[in-house]
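Below are the chains, spelled out letter by letter.
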Amino acid sequence: MIKVRGLHKWFGDLHVLKDVNMEVSEREVVVVIGASGSGKSTLLRCINFLEYAQKGQIFIDGVEANAKTKNLHMIRAEVGMVFQHFNLFPHRTVMGNVIEGLTQVKKLSTEKALSQGEDLLKKVGLSDKADVYPAMLSGGQKQRVAIARALAMKPKIMLFDEPTSALDPELVGEVLQVMKNLALEGMTMMVVSHEMGFAREVGDRMIYMDEGRIVEEGEPKELYNNPQHERTKTFLRQIL
Amino acid sequence: MIDLPWDFTAIPRFFPGFYVAALLTLQITFFGILVGLVLGLTTGLMRLSKNNLINTPAKAYIWAIRGTPLLLQLMIIYYGLIDLVSIDRMPAAIIGLGVHNGAYIAEIFRGAIQSVERGQREAAMSLGMTGAQTMRRIVLPQAFKRSVPALGNQFIIALKDSSLASAIAVRELLLRARQLGASTMMMLEMLMIVGFYYLMMTSILTLLVGRVEKRLQVSDYRE
């Protein structure tokens, strides 16, 4: 589904991704962990071309894309993204947020978009909030709307960039539940998160990144209980 | 009783006689602002372009217009360009005020657009929206809302600045006051009338801007 080959990314002199190679297969849930500054978010953002890697290749469903690719926005549409800070559109209602991509990118009629929007809001348990503005929602509700908005595009893969890090502890569960349901439905997912419970329960593979490199990867329980590298051990000890 | 050199009873008597001049003031202001908004949005967006061929002209325009007095700009358009094109006084006043305000409005829009969080753009792009769609549907509506207070301020300045059109013989409020003041020998009285007119118009404008601000706040309400 996604293949990354020899990816390098620099921010000025800062070398944030160093020869990253990885793959996400269809229906696989990959959890990426690592300290802040390890490059895990940058990797995710490169895969959605919100950042452009200077070197290496990215294949989305077998098709290579980079900064020069024509109609890059159509490739972005196939990759859903959920952000740490939700990034809901404050001037649109909840429903307006969910159908924005449907009416503007998929060019659906408002009627069709609304009916799909209702299904999506039902899926994330927010049918009763369709007409309110994001400012009135809790963080957990906002993130569920953001997930519905990304799902509306029927993406081939969903990227989650620390989806629960900005939430109050009591709101984390509702977002994780929606994500679990998605994983059970067979959605291909790449999740940057330190939610070990989620990783162990629904993750197929866990990747540990440090200083721009993939240090170690493996089955989540295995990696968690029996890390091979010293740095992975130290990191796992720190986040507990 | 002290004998004042002024006859303030002239104020209500002459007040209605400024009606036509007030309309001219409003016309210059309205169309000047309209031209300013179009120019301001265009150059504001150009100014934000990463392409130097596009942002340099915008920067030059803002630099030149903000760095010189409106009075000078009006004189250049009306008197200075006479060998090139002869522009009537009304259009000259509107163009002058429009071009002048365009530079300030461009900076207002630029600031407002830059104040919209990067995440908004990223969320729109991640949905597959094009750069133009993102700008039009996501960034600009939020930027417009944020620019309303500053725009309102600029509109009030434009209304008052329209008085400079008197220097190119547009018979708006100020010139009308000077003419009537001279012929009736009641300069202060006539100038005061004009003052009342300006106060009335700026008050109404302030009220209108306040209403627009309120209406745009619907999406901010929390329960």
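As the structure is a computational prediction, the values presented were derived from the model and not from experiment. (Residues numbered from 1 in each chain as written. Chains lettered and ligands numbered in written order. Predicted model: local features only at pLDDT ≥ 70, side-chain atom pairs only at ≥ 80, totals over all residues. Heavy atoms only, no water.)

**What about the overall build of chain B?**
The number of helices and strands found in chain B is 9 helices and 0 strands. A compact globule built from 223 residues would reach a C-alpha radius of gyration of about 17 Å, whereas chain B, at 21 Å, exceeds it by more than 25%. When the backbone C-alpha atoms are referred to their principal axes, chain B occupies close to 75 × 55 × 25 Å. Counting all 223 residues of chain B, 42% fall into the buried class. Sequence separation of 24 or more characterises 75% of the internal contacts of chain B that already satisfy a separation of 6 or more. When the accessible surface of chain B is summed, it comes to about 12100 Å², and 68% of that surface belongs to carbon and sulfur atoms. Side chains of chain B give 21 positive and 13 negative charges; the mean places of these two sets differ by 9 Å. (Helix = DSSP H or I, 4+ residues; strand = E, 2+ residues; numbered from the N terminus. Rg over C-alpha atoms; globule rule 2.2 N^0.38 Å. Buried < 20%, exposed > 50% of the residue type's maximum accessible area, 1.4 Å probe, protein only. Contact = heavy atoms within 4.5 Å. Areas by Shrake-Rupley, 256 points an atom, 1.4 Å probe, with all protein chains shown as cover. Lys, Arg positive; Asp, Glu negative; His and termini not counted. Charge placed at Lys NZ, Arg CZ, Asp CG, Glu CD.)

**Side note on the pattern of salt bridges**
A pair can form between side chains of opposite charge whenever their charged atoms are brought close. Scanning the entire structure with this criterion turns up 21 salt bridges over all chains. We note a salt bridge from Arg5(A) to Glu23(A), for which the minimum N-O separation is 2.6 Å. With a gap of 18 residues between them, Arg5(A) in strand 1 (residues 2–11) and Glu23(A) in strand 2 (residues 14–24) connect regions that are remote in the sequence. Measuring nitrogen to oxygen at the nearest pair gives 2.9 Å for the salt bridge that ties Asp61(A) to Lys156(A). Remark: Lys156(A) occurs in the loop between helix 5 (139–151) and strand 7 (157–161) and Asp61(A) occurs in the loop between strand 4 (55–60) and strand 5 (63–65); sequence separation between them is 95 residues. The partly exposed category is assigned to Asp61(A), whose relative accessible area is 38%. You can call Lys156(A) partly exposed: its relative accessible area is 30%. Because the salt bridges share partners, they merge into one network encompassing Arg45(A), Glu51(A), Arg118(B) and Glu122(B). (Salt bridge = Lys/Arg side-chain N within 4 Å of Asp/Glu carboxyl O.)

Geometric values such as these leave the question of function open.
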